[in-house]
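Each chain, letter by letter, is given below.
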Amino acid sequence: MSYLKRIGPGSAFKVGALVYAIVGLIAGVFCGVIAFAAPSVHHAHMPWVSPSVGLFAVLLCPILYGIIGGIGAIISALIFNLASGWVGGLEVEIN
């Protein structure tokens, strides 16, 4: 068995930012599809929903999700490193 004792905050940020940017792209595409597919509600119930909002979501969601995910990954890595120092790390099996 091997022990994972430390996670580099910089590498955690890169991985977290990329993973959450992909999730943000998927969320942005869903928001964009809803905005493009709902022309009947544009003026009646939700006047702020328009195709331009959908395009904006596809561009903005990956950026925001990526930044927030990267920051969350840094915080998680720092907490892991602190806890690992107390209990000795995470036991992993590597083949």
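Cut-offs and rules
- Residues numbered from 1 in each chain as written.
- Predicted model: local features only at pLDDT ≥ 70, side-chain atom pairs only at ≥ 80, totals over all residues.
- Heavy atoms only, no water.
- Patch = residues over 30% accessible without salt bridge, like charges linked within 9 Å, V, L, I, M, F, W, Y side chains within 5 Å.
- Areas by Shrake-Rupley, 256 points an atom, 1.4 Å probe, with all protein chains shown as cover.
- Salt bridge = Lys/Arg side-chain N within 4 Å of Asp/Glu carboxyl O.
- Helix = DSSP H or I, 4+ residues; strand = E, 2+ residues; numbered from the N terminus.
- Expected span 1.5 Å × (residues − 1).
- Buried < 20%, exposed > 50% of the residue type's maximum accessible area, 1.4 Å probe, protein only.
- Contact = heavy atoms within 4.5 Å.

Chemist: Go over a nonpolar patch on the surface, please, and point to the residues and values.
Modeler: Taken together, the side chains of V15, V19, Y20, V23, F56, L60, L64, Y65 and I68 present a nonpolar region at the surface, about 820 Å² in accessible area. Residue assignment for the nonpolar patch shows that the elements contributing at least two residues are α1 (9-37) and α2 (51-87). Per-element accounting of the nonpolar patch gives the leading share, five residues, to α2. Turning to its location among the elements, Y65 is positioned in helix α2.

Chemist: Account for α1, naming residues and giving values.
Modeler: Its 29 residues give α1 an end-to-end C-alpha distance of 41 Å, which sits within 8% of 42 Å, the value for a rise of 1.5 Å per residue. For α1, the full list of buried residues reads A12, G16, A17, G24, A27, G28, G32 and A35.

Chemist: Give a description of the environment of A17 that names residues and reports values.
Modeler: By secondary structure assignment, the location of A17 is in helix α1. On the accessibility criterion, A17 (16% relative accessible area) is buried. Separated by 57 residues in the primary sequence, A17 and I74 have C-alpha atoms spaced 9.8 Å apart. Not counting the four nearest positions on each side in its chain, A17 is found in contact with G66, G69 and G70.

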